[in-house]
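Here is what each chain is made of, one letter per residue.
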Amino acid sequence: MDPQGGHYLNKAAILSGLGVARMCQLLLGCTTVALVAHGAGFSATYGTYCMFVWCFCFAVSLVIFTLDVTRLHGCMPISWDNFTVAFAMLATLMYVTASVVYPVYFLASQCPSEGCEVRNYRIAVTACSGVCCFAYAVEVFVTRAKPGHVVGYMATVSGLLKVVQAFVACIIFGALANDSQYNRHVPTQYCVVVYSLCFAVTVVVVALTVSGRTSALRFPFDRFVVVYTFLAMLLYLSAAVVWPVFSFDKKYGTPARPEGCTRGKCPWDSKLVIAVFTFVNLVLYVTDLVYSQRIRFVSNSVA
C-alpha cells in the first residue's frame, strides 16, 4: 500500500479535464452563493428558485467530486457514470434558467434603492452563474458518448434528451400552476394528462438507468424506450394542436394579450409559455426518436 495514500485517491479526478471542469463548478458555484448571500440578495419566488439552483447544484457537485476523488462512488448502489452525466445535463439546464431569470428580475440599468453596490454584486452573480453554466456544459461534452466507446445510456444523445424533456415538462408544470386556467376546458385538461404521463415515464426511464436496474427488467429496455418515445411524440403532437386552439382561438380563448394584464400573473402569458414549450418538447421527442432509430439501425447492420 502506498504510504502517501495514492492507492486510495483518484488523481485523474483532479488532473483530468473532467476534474478541472468540476473544480470550476465548485469554485464558481460557491462564489455565486456567497455573492448572493453577502450583497446581491434575492426575494420572491423567482429569487428563491435561483438560490435553490445554485445551492443544490453546488451541494451535489461537491458530493460527486468528493466521491470521485476518494473512489467511494464504487460503494454507491447506482450506475455512477449514468448518474454524473445526467446530473451535469440537469445542472446545465438549471443554471441556464437561473442565469436568465436572476438578471431579468433583479438587475436593472439604474441603481436600485439599496445602492449601486448591490447592482454591482448582481452583475457579478449573473456573470459567475453564466460561466458556471458553461463549466457544467463542458462536463456533458467531455463525458458524452463517442464513437467506438462503450458508455452508459445517459451519455448518449437519447439519454441526454430524456433529461431535457423532463426539465421542459417542469417548466410547463410551473406555467400550468401559474393561473393557466387549464381546467376551463376538457381538451386542455387532456393536455395536462399528456404532460404528466410523459413526464412520469421519462423520469422512470432516467431513474432505472441511473440506478442500474434496467438489466433486471423482463423486457428489452432499449425497445421499450423507443416505443415509449414514439408514443410520447404522438401525444405531444396532439397536445401541440389542442392547447393553442383552446387557449388562443376566439371561440375558446383570447387571441391577443389582454390589456392591463399584470406581468407574472397573467393567464395569457402562462398559456403562451405552455404552448411554446409544448412545441419544444415535441421537437425533442422527434429528435430522440430519430436518433434512437439510427442507433438501432447501425446495431442491426453490424450484427
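Cut-offs used in this document
Residues numbered from 1 in each chain as written. Predicted model: local features only at pLDDT ≥ 70, side-chain atom pairs only at ≥ 80, totals over all residues. Heavy atoms only, no water. Axes fitted to C-alpha atoms, helices over the stretch in contact; angles between N-to-C directions. Helix = DSSP H or I, 4+ residues; strand = E, 2+ residues; numbered from the N terminus. Parallel < 35°, antiparallel > 145°, perpendicular 65-115°, else oblique. Left-handed = near helix turned anticlockwise from the far one by under 90°. Contact = heavy atoms within 4.5 Å. Nonpolar A, V, L, I, M, F, W, Y, C, P; charged D, E, K, R; others polar. Phe/Tyr/Trp six-rings, centres within 6.5 Å; stacked < 30°, edge-to-face > 60°. Buried < 20%, exposed > 50% of the residue type's maximum accessible area, 1.4 Å probe, protein only. Core = buried A, V, L, I, M, F, W, Y, C linked by side-chain atoms within 4.5 Å. Domains from an automatic or database assignment. Polar contact = N/O pair within 3.5 Å; in protein donor to acceptor, adjacent residues only side chain to side chain. UniProt positions renumbered as here; feature names shortened; annotations may be inferred.

Another point: the packing of helix α6 (residues 157–177) against helix α8 (residues 221–248). The description of two helices packed together rests on the angle between their axes and the distance between the axes. Where α6 contacts α8, the two axes come as close as 14 Å, and the packing angle between them is 30°. Relative to α8, the element α6 is oriented roughly parallel. The element α6 and its partner α8 pack so that their crossing is left-handed. Residues K162, A169, I172 and L176 of α6 touch α8, and the partners they reach there are V225, Y228, T229, Y236 and W243. In terms of residue class, the contact of α6 with α8 is made up of seven nonpolar, one polar and one charged.

What follows is about the packing of aromatic side chains. To describe a pair of aromatic rings, one takes the distance between the centres and the angle between the planes. What the rule picks out here adds up to 14 aromatic pairs. Geometrically, the ring pair formed by F52 and F56 is stacked, given 5.5 Å between the ring centres and 15° between the ring planes. Highlighted residues: F52 and F56, both in helix α3 (residues 44–70), separated by four residues, approximately one helical turn. Seen in terms of ring centroids, Y153 and F221 are 6.2 Å apart; in terms of plane orientation they differ by 85°. Their pairing is edge-to-face. With Y153 in the loop between α5 (116–143) and α6 and F221 in helix α8, the pair connects residues that are 68 residues apart, well separated along the chain. For Y153, a relative accessible area of 21% corresponds to the partly exposed category.

So, about the nonpolar core. Judged by nonpolar contacts, the single largest core of 72 residues is most densely connected at W54, C57, Y95, Y195 and Y236. Mapped onto this core, the elements with two or more residues apiece are α2 (17–40), α3, α4 (80–106), α5, α6, α7 (186–211), α8 and α9 (267–302). Ranked by residue count, the leading element in this core is α4, at 14 residues. Taken domain by domain, this core gets at least three of its residues from each of domain 1 (8–153) and domain 2 (156–302).

Within the secondary structure layout, S61 lies in helix α3. Separated by 2.7 Å, the side chain of S61 and the backbone oxygen of C57 make a polar contact. Ignoring sequence-local partners within four residues, the contact set of S61 consists of Q25, L26, F87 and Y136.

Under the present numbering, the feature "transmembrane region" (unreviewed entry) in UniProt falls on residues 12–40, 46–70, 82–108, 120–138, 150–177, 192–212, 224–246 and 272–291. For the annotated span residues 46–70, helix accounts for 100% and strand for 0% of the residues, and the straight-line distance between the end C-alpha atoms is 36 Å. Secondary structure within residues 224–246 divides into 100% helix and 0% strand; the distance between the first and last C-alpha atoms comes to 32 Å.

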